[in-house]
Amino acid sequence: MNSLLRYKGWTWGFRSTILLYFVVLIVLPILGVYYNSFSLGFTNFVESISDPIAWRSVLLTLRLALIAATINVALGTMIAWVLVRYKFPGRPLLNSMVDLPFALPTAVGGLMILLLLGPGSLIGGAAESLGLEIVFHQPAIVIAMVFVTFPFVIRAVQPLLEELDPSEEEAAYTMGAKGIRVFRQVILPAMAPGMIGGGMLAFSRALAEFGAVVLVAGNIPGRTLVSSVFIYGEVESDNGVGAAAVSIILLTLSFLILWLINVAQMRGRRR
Amino acid sequence: MRRLWIGLTYLVFFLLIAAPLGKMITGAFGKGLSGFWEALTRPEALHALMMTALVVITVTLLNTLFGIMTALYLVRAEWMGPRLKSLLNSIVDLPYAVSPVIGGLMIVLLLGPDSALGAVFEHIGFNIVYAFPGMVIATLFVTFPLMVREVMPVLQEIGGQQEEAASTLGAYGWTTFWKVTWPSIQWAVIYGVILTVARSLGEFGAVLVVSGNIMNRTQTATTLVYQDVENFNVTAAGGVALVLAAFSVGLLLLMEWSKKRKEVR
């Protein structure tokens, strides 16, 4: 009996620890941000949001993240295709290098881009003499976002291409379809879920990215100030409510995307 | 056609990954080997590397422990209704969607000096924000899904029958876990550990906000890189960044290795 009681005590201990861990580590902080941004009343929240610096930073982030995700869908689909379909020297090396942007600390990624394209470098100098501004301007932000989200689309499309039954393609060819048509009607539909899913992940990650972006972004409102950098600035200047207000816009967007991805995955599984 | 695509792929890899990496390596040695060595042996750099190591070790231990337990409960527990299970299951992924800066902000808002909880802790002389505990909490938040999401699919795949058989034969909870469950999940756990180490080593946004980036006290390697860049000391930043990058590449190789082992089983 005694040992049974002890066993029960352990079980309850473990159960409540895990539930508490969930609540304290994840649920409370997230609710805290929402609570804080409304803590000074709804009008105050609206005021924080309607500050042009705030909403323009959100719009800018959305636009740049969309550009970065689109670039990644195009590049990622091509690279996934090449890595799955062609055998060529260096393929295993390239395949391992895909994950490097995930493994590298984001601040290191930002520093790498800064060093490569910065004012003192070869490329930066050449661009400057041509009158192009890269670092501390929008191109560098997009490049940083593309770098950080590089693996998503590739890793989403690769397994789909590997699974694609070659006989489908062969059948299409045998029936006299031309290369482009086979691609459009057989291969592209097979890759589409990965392109969309990976693209959405890349988009939400680009929205949230801070480390790589903060090193190469500027602070001109509406032109080079992205929201994560804006939030950091608000935190630094002790404006918790302003930071929280912009945060919950971004958070709600990211949660929405995450939810959409989950719904899409469940649909896909059911089919 | 084939040549064109392969060539384009090589070009993308070169421009986006190899060139920046190469530039950083040469940048770190911009003032020669001694410059690199000096950047690393500055007192603040040594302290920052030590802080990073401490955070990585603490977070990896806690996250592994809680991650395995959470995964076990989410797959096996009968005491949770299916509704609670699926709710918790979707909560696990939330940190993925949270920007690191916002993750840090959450902890500052919840436990910072201005909050109710933070005031209580401060009163008893226990600082969380702008100190080590806050940095650990922030990193735990960010790394939380990694272990759970590695272990859960394996548990689902092996099913509960073997474990049930073991406990019917009279094995106690711990024995069942070590003799039956552990051997099948161990490679997933090792993979999860590597992911956690990599992520906590590189965590920047959340830690920057929570730690306050105080030199020689709460500064980690990544936040030191940031500060060096802000101070236009790019060579020093490159030195520290190179050490971080070397660790990451090492972890990436380990990841490939353990992925292969995981697949073999």
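A. Geometry of the overall build of chain A. If you tally the helices and strands in chain A, you get 14 helices and zero strands. Reading the helices (α) and strands (β) of chain A from amino to carboxyl end gives α-α-α-α-α-α-α-α-α-α-α-α-α-α. Along the longest, intermediate and shortest principal axes, the C-alpha atoms of chain A span 75 × 65 × 35 Å. Within chain A, residue pairs in contact and separated by at least 24 positions form 75% of the contacts whose partners lie at least 6 positions apart. Summed over all atoms, the accessible surface of chain A reaches about 13,300 Å², with 67% contributed by carbon and sulfur.

B. Quick look at the overall build of chain B. In terms of regular secondary structure, chain B is built from twelve helices and zero strands. Secondary structure elements in chain B, listed N-terminal to C-terminal, are α-α-α-α-α-α-α-α-α-α-α-α. The principal-axis extent of the C-alpha atoms belonging to chain B is close to 70 × 65 × 30 Å. Counting across all 265 residues of chain B, residues that qualify as buried make up 53%. Sequence separation of at least 24 residues holds for 73% of the intrachain contacts in chain B that already meet a minimum separation of 6. Surface exposure of chain B reaches about 12,400 Å², of which carbon and sulfur atoms provide 67%. Averaging the coordinates of the 17 positive side-chain charges in chain B and doing the same for the 15 negative ones gives two points 10 Å apart.

C. Examining the confidence of the model for chain B more closely. All names here are of chain B. For chain B, the mean per-residue pLDDT works out to 88, and 99% of the residues sit at or above 70. Here helix H8 (residues 161–168) stands out as the least confident element of chain B, with mean pLDDT 79; helix H3 (residues 43–76) is the most confident, with 93. In the predicted assembly, ipTM is 0.87 and pTM is 0.89.

D. Representation of the pattern of salt bridges within the structure. What the rule picks out here adds up to seven salt bridges over all chains. Put simply, A:Arg205 and A:Glu209 hold a salt bridge, and the shortest N to O gap is 3.1 Å. It is possible to trace a salt-bridge network through shared partners that takes in B:Arg42, B:Glu44 and B:Asp228.

E. Highlighting the nonpolar core. Formed by 180 residues in total, the largest nonpolar core has its most connected members in A:Leu111, A:Ile231 and B:Met24. Looking at this core element by element, the count peaks at 15 residues for helix H3 (residues 52–85) of chain A. If we skip the residues at most four places from it in the chain, B:Met24 touches A:Val108, A:Leu111, A:Met112, A:Leu115, B:Ala241, B:Leu242 and B:Ala245.

F. Fine view of the interface of chain B and chain A. Contacts between the two partners involve 61 residues from chain B, matched on the other side by 65 residues from chain A. In total, chain B and chain A occlude about 6,500 Å² of area from one another, counting both sides; carbon and sulfur atoms represent 84% of this. At the junction of chain B with chain A, the criterion picks out zero salt bridges. Scanning the region where chain B abuts chain A turns up six residue pairs in polar contact (both at pLDDT 80 or more). It is helix H1 (residues 2–28) of chain B that provides the largest number of residues to the side of chain B that touches chain A, a total of 16 residues. Classifying every residue of the side of chain B that touches chain A by side-chain character gives 48 nonpolar, eight polar and five charged.

G. Structural context of helix H13 (residues 227–236) of chain A. Residues and elements named next belong to chain A. Most of H13 sits out of view: eight of its ten residues are buried. Inspection of H13 places Ser227, Ser228, Val229, Phe230, Ile231, Tyr232, Glu234 and Val235 among the buried residues, and these make up the whole buried set. Trailing H13 by a residue or two, Asp238 shows a phi angle of about 65°, which is positive.

H. Seen up close, the environment of A:Met200. Residues and elements named next belong to chain A. Within the secondary structure, Met200 is located in helix H11 (residues 179–208). Once the C-alpha coordinates of Met200 and Pro101 are considered, the two residues, 99 residues apart in sequence, prove to be 17 Å apart. Among all residues touching Met200, those that are not within four sequence positions of it are Ile257, Leu260 and Ile261.

I. Region of the structure containing the environment of A:Ala171. Residues and elements named next belong to chain A. On the secondary structure map, Ala171 appears in helix H10 (residues 166–174). Of the residues examined, Ala171 reaches a relative accessible area of 33% and is grouped as partly exposed. When the C-alpha positions of Ala171 and Gly233 are compared, they lie 58 Å apart, and in sequence the two are 62 residues distant.

J. How the structure looks around the side chain of B:Glu203. Residues and elements named next belong to chain B. Relative to the helices and strands, Glu203 resides in the loop between helix H9 (173–202) and helix H10 (205–211). Taking the relative accessible area as the measure of exposure, Glu203 reaches 4% and is therefore buried. From its side chain, Glu203 meets the backbone nitrogen of Ala206 in a polar contact 3.1 Å long. Apart from residues lying up to four places away in sequence, Glu203 is in contact with Pro100, Thr139, Val142 and Thr222.

K. How the structure looks around the packing of helix H9 (residues 150–163) of chain A against H11(A). All names here are of chain A. Relative to each other, H9 and H11 sit at 160°, their axes nearing to 7 Å. With respect to H11, the axis of H9 lies roughly antiparallel. Judged by the sense of rotation from one axis to the other, the crossing of H9 with H11 is right-handed. Facing Phe152, Val153, Ala156, Val157, Leu160 and Leu161 of H9, the residues of H11 in contact are Ile187, Ala190, Met191, Pro193, Gly194, Met195, Gly198, Gly199, Leu201, Ala202 and Arg205.

Rules of the game
- Residues numbered from 1 in each chain as written.
- Chains lettered and ligands numbered in written order.
- Predicted model: local features only at pLDDT ≥ 70, side-chain atom pairs only at ≥ 80, totals over all residues.
- Heavy atoms only, no water.
- Helix = DSSP H or I, 4+ residues; strand = E, 2+ residues; numbered from the N terminus.
- Contact = heavy atoms within 4.5 Å.
- Areas by Shrake-Rupley, 256 points an atom, 1.4 Å probe, with all protein chains shown as cover.
- Buried < 20%, exposed > 50% of the residue type's maximum accessible area, 1.4 Å probe, protein only.
- Lys, Arg positive; Asp, Glu negative; His and termini not counted.
- Charge placed at Lys NZ, Arg CZ, Asp CG, Glu CD.
- pLDDT = per-residue confidence, 0-100.
- Salt bridge = Lys/Arg side-chain N within 4 Å of Asp/Glu carboxyl O.
- Core = buried A, V, L, I, M, F, W, Y, C linked by side-chain atoms within 4.5 Å.
- Buried area = accessible area lost by both parts, 1.4 Å probe.
- Polar contact = N/O pair within 3.5 Å; in protein donor to acceptor, adjacent residues only side chain to side chain.
- Nonpolar A, V, L, I, M, F, W, Y, C, P; charged D, E, K, R; others polar.
- Axes fitted to C-alpha atoms, helices over the stretch in contact; angles between N-to-C directions.
- Parallel < 35°, antiparallel > 145°, perpendicular 65-115°, else oblique.
- Left-handed = near helix turned anticlockwise from the far one by under 90°.

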